[in-house]
Amino acid sequence: MFTISGKSVFGGVAIGRITFYKRNQKVIKRSHVDDIDAELKRFHEAKDKAVSQLKELHDKALDDVGEANAMIFEIHQMMLEDLDYLESIENIIRSQQVNAEFAVATTADNFAQMFASMDDAYMQGRAADVKDVSERVLDILCGVDEGVHEMTEPCIVAADDLAPSETVQLDKSKVLGFATMHGSSNSHTAILARTMNIPAVIGLGEDLQPSFDGKMAVLDGFTGTLYVDPDEETLAQMQEKRQKDLDQKALLEQLKGKDNVTKSGQRINVYANIGNVSDVGAVLKNDAGGIGLFRSEFLYLENSTFPTEDQQFSVYKQVAENMAGKKVIIRTLDIGADKQVDYFGLDKEENPALGYRAIRICLTRPEIFKTQLRALYRAAMYGNISIMFPMIISVDEIHRIKAIIAEVKAELKEEGIPFRDEVELGVMIETPASVMISRDLAKEVDFFSVGTNDLTQYTLAIDRQNSKLDEFYDPHHPAVLAMIRMAAENAHAEGKWIGICGELGADLELTEEFLKMGLDELSVSPSMVLPLRKRIRECE
Ligand code: PEP
Ligand code: MG
């Protein structure tokens, strides 16, 4: 068995044979032409044919992947009619007296390089598009455009990379999954794979070899892994995983778009927890109403040095934009305790869970905190972002946070950098202290989110990391439930909303209890959104 790791673009498990995508081979040579007008005419005829092929592809994509995604083929038509692009090709033919193939290939390379060197990830992704449309014109010029890729049985399509047009042209009923050596998760192929609900893994690199053609494989789109010639154990595990995924998808079919409402009409928001931009796909796929907890510290954990303001800004902006107006609650960094980062240079502690962590770091190292807050207030321009603070134990901490926010806003204003002034602020209720003073805290903030993982740890005085204590770590403990109830009553007494973002929110045995407490939101892992919705709809 070969195991190859890449980057997941769309979850799901595909089991089947690999078909390596073969392209029509063509060699582009530079040759001298005498009749320039005839060559220009040849180019324009090829370009017109390419445009009409793209029109047909657009119509096919409309049926397969819907209007928003089919639009790429309209953009491709526009790219072919782009005056700069046409002028470049015509100039090369005229000034160098060369064949149209050479002029198109040269222009495609130049434009692709220009896009690839841009800072913006979206524009970089357009390099693949300009190459794709140019390949189409070249195929027509070289007379190799008629071959359609035939697949006789459903298979995992492997390729060095797949252009959007190649992806759409494939017979969808025969594609179990996509596995490519290269590609970016912003590419339209990745977007199309997501929309077509097909497991896809990109960036598998040179380990993905054409010699795998015809071999049995398992593609795990959740972890971004391709198993070629899987052993029996892997195959059995993956079959089980696939079945679970299919059950989840069946649930989705049944519950997508439905309200989180009990039989008697009580409503509750069901949001999802994420640690990364790449989780947003799963949030949307599972029809969550928003993001109830974005653990921003993962950005710090994945980096070898402090993520810059711009790096953070682009991540938060992307999440907010992808969620298209739905609520995105971003928790400021919760480093320390079990989440250690070398470059923070934190001392070793006797009791890290009771130590220098989360808001305590932010308030004593404001330069780190301010960088994150600047990124958050800037990104809030692009969607419905709320900010939440972890490990709060006092009202004074909220005052200190607000003072730092005021400084950040004043600085952004002075620098003329756009930001949103009014951002909803909340605190995590995850210490007994925060529960006991929740009435006062509720006066200061817009919402509460209960972190039951830590609240259980601190209420029961049990290290959540110590597996020896698992039998004692009881999140159903009446003390924990009483804490949640008290926080809910105090939030509501001040007209504020309250949710749960710890693991307990997904505990279906407690859903009814949480509804009785009047909680306004439960934020759970994306895969639990629909089972929770099902449970809510069963409650009286
Ligand atoms: C919690 O403590 O319940 C929580 C959601 O935060 P984390 O698990 O990241 O500490
Ligand atoms: Mg916590």
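Keep in mind the model is a prediction, meaning the values are calculated, not measured.

Break down the pairing of strand β11 (residues 327-331) for me, citing the residues and quoting the values.
By the criterion of burial, β11 is predominantly enclosed, with five of the five residues buried. Where burial is concerned, the two faces of β11 agree: the one with K327, I329 and R331 and the one with V328 and I330 are both buried. Note: strand β10 (residues 290-295) against β11, four bridges, orientation parallel. Looking at β11, one finds that I291 is bridged to V328.

How would you summarise the site of ligand 1 if you had to cite specific residues and measurements?
The environment of ligand 1 is made up of 14 residues, and the closest members are R295, R331, G451, N453 and R464. Between ligand 1 and R295 there is a distance of 2.7 Å, counted from an oxygen atom to a side-chain nitrogen or oxygen. Here an oxygen atom of ligand 1 and a side-chain polar atom of E430 are 3.0 Å apart. Only β10 and α16 (452-460) provide two or more residues apiece to the shell around ligand 1. No other element matches α16, which puts three residues into the shell around ligand 1. Split into classes, the residues belonging to the shell around ligand 1 amount to three nonpolar, four polar and seven charged.

Now, about the pattern of salt bridges: what can you tell me, with residues and values included?
The full count for this structure, using the stated rule, is 38 salt bridges. With a closest N to O distance of 3.1 Å, R378 and D310 form a salt bridge. With R378 in helix α12 (residues 366-379) and D310 in helix α10 (residues 309-322), the pair connects residues that are 68 residues apart, well separated along the chain. Exposure remark for R378: the relative accessible area of 12% places this residue in the buried category. Salt bridges sharing common partners tie together E297, R331, D334, K339, R357, D454 and R464.

Talk me through the environment of K29; I want residue IDs and the actual numbers.
Locating K29 in the fold gives a position in the loop between β3 (13-20) and α1 (36-81). Sequence separation of K29 and A105 is 76 residues, and the distance between their C-alpha atoms is 9.6 Å. Apart from residues no more than four positions distant in its own chain, K29 is found in contact with N99 and F102.

Would you mind going over the domain arrangement of the protein in detail, with residue names and values included?
For the protein, the assigned domains read domain 1 (2-23 + 148-233), domain 2 (36-142) and domain 3 (257-538). Put simply, the middle of domain 1 and the middle of domain 3, counted by C-alpha atoms, are 36 Å apart.

So what about the packing of aromatic side chains? Which residues, and what values?
Scanning the entire structure with this criterion turns up 10 aromatic pairs. Plain terms: the ring middles of Y85 and F111 are 5.7 Å apart, the flat faces sit at 90 degrees to each other, and that makes the pair edge-to-face. You can see Y85 sitting in helix α2 (residues 83-96) and its partner F111 sitting in helix α3 (residues 100-116), a full 26 residues away along the chain. Three or more aromatic residues link up through ring pairs in this structure, and these residues are Y300, F306, Y343 and F344. Lying across the ring of Y382, K317 places its NZ or CZ 4.8 Å from the centre. Lying over the aromatic face of F313, R378 brings its terminal NZ or CZ to 4.0 Å of the ring centre.

Explain the coordination of the magnesium ion (ligand 2) to me, using residue names and the numbers behind them.
Within the protein, the magnesium ion (ligand 2) binds to E430 (OE) and D454 (OD); these donor distances fall in the range 2.0 to 2.1 Å. Of the two residues, E430 is situated in the loop between β13 (424-429) and α14 (432-436) and D454 in helix α16; the sequence distance between them amounts to 24 residues. Classification of E430 by relative accessible area gives buried; the value is 2%. Using a relative accessible area of 3% as the deciding quantity, one classes D454 as buried.

I'd like a description of the nonpolar core, backed by residues and values.
One broad rule of soluble globular proteins: the nonpolar side chains tend to lie buried together. Core analysis: the largest hydrophobic core is formed by 84 residues, its most contacted members being Y316, F344, F389, I484, F514 and L519. Not counting residues within four places of it along the chain, the set of residues in contact with F389 comprises T332, I359, F369, L373, I401, I405, L425, G426, V427 and M428. In this structure, I36, A61, I93 and L170 belong to the second largest nonpolar core, which totals 55 residues.

Mind laying out the side chain of K496, listing which residues take part and the relevant values?
Considering the arrangement of structural elements, one finds K496 in the loop between α17 (478-493) and β15 (497-500). Buried charge K496 goes without a salt bridge, the closest partner of opposite sign being D446 at 5.3 Å. A distance of 2.7 Å separates the side chain of K496 from the backbone oxygen of A442, its partner in a polar contact. Filtering out sequence-adjacent residues up to four positions away, K496 remains in contact with A442, K443, V445, D446 and A491.

Could you give an account of unusual backbone geometry, naming the residues involved and the relevant values?
For D287, which is not glycine, the phi torsion reads 65 degrees and is therefore positive. Taking relative accessible area as the criterion, D287 reaches 17% and is therefore assigned buried. Look at A358: it is not a glycine, yet its phi comes out positive at around 50 degrees. You can see A358 is positioned in the loop between β11 and α11 (359-364). For A358, a relative accessible area of 0% corresponds to the buried category.

Definitions and cut-offs
Residue positions are given per chain, counting from 1 as you read along its sequence in written order. Working convention: letters from A go to chains and numbers from 1 go to ligands, in the order in which they are written. Reporting in this predicted model follows two pLDDT cut-offs: at least 70 for local features of residues, and 80 or more for side-chain atom pairs to be given and counted; totals over whole chains, interfaces and linings ignore these cut-offs and use all residues. By convention in this description, side-chain values take in all heavy atoms of the structure and omit both hydrogens and water. Only protein chains enter the accessibility calculation, which uses a 1.4 Å probe; a residue whose area is less than 20% of its type maximum is buried, one above 50% is exposed, and one in between is partly exposed. Runs of H or I in DSSP of at least four residues are treated as helices and runs of E of at least two as strands, each being numbered from the N terminus. By the convention used here, strands pair only if DSSP detects at least 2 bridges between them. Being near a molecule or strand, for a residue, comes down to having at least one heavy atom within 4 Å of it. For this analysis, a polar contact is any N or O atom pair within 3.5 Å, provided that within protein one partner can donate a hydrogen and the other can accept it, and provided that sequence-adjacent residues contribute only side-chain to side-chain pairs. Amino acid classes used here: Ala, Val, Leu, Ile, Met, Phe, Trp, Tyr, Cys and Pro are nonpolar; Asp, Glu, Lys and Arg are charged; the rest, including Gly, are polar. What makes a salt bridge here is a side-chain nitrogen of Lys or Arg within 4 Å of a carboxyl oxygen of Asp or Glu, nothing more. In this analysis, two residues are considered to be in contact whenever any of their non-hydrogen atoms come within 4.5 Å of each other. An automatic or database domain assignment supplies the residue ranges for each domain. Pairing of aromatic rings covers Phe, Tyr and Trp, the last through its six-membered ring, and needs centres within 6.5 Å; plane angles under 30 degrees mean stacked, over 60 mean edge-to-face, and all others mean tilted. We call a charge positioned over a ring when the NZ of a Lys or the CZ of an Arg lies within 6 Å of the ring centre and within 35 degrees of the ring normal. Any N, O or S atom lying within 2.8 Å of the metal counts as a donor, with the limit raised to 3.2 Å for Na, K and Ca; because water is left out of the atom set, some sites can appear incomplete. By nonpolar core is meant a set of buried Ala, Val, Leu, Ile, Met, Phe, Trp, Tyr and Cys residues that side-chain atoms within 4.5 Å join together. Neither His nor the chain termini are counted; the positive set is Lys and Arg, and the negative set is Asp and Glu.

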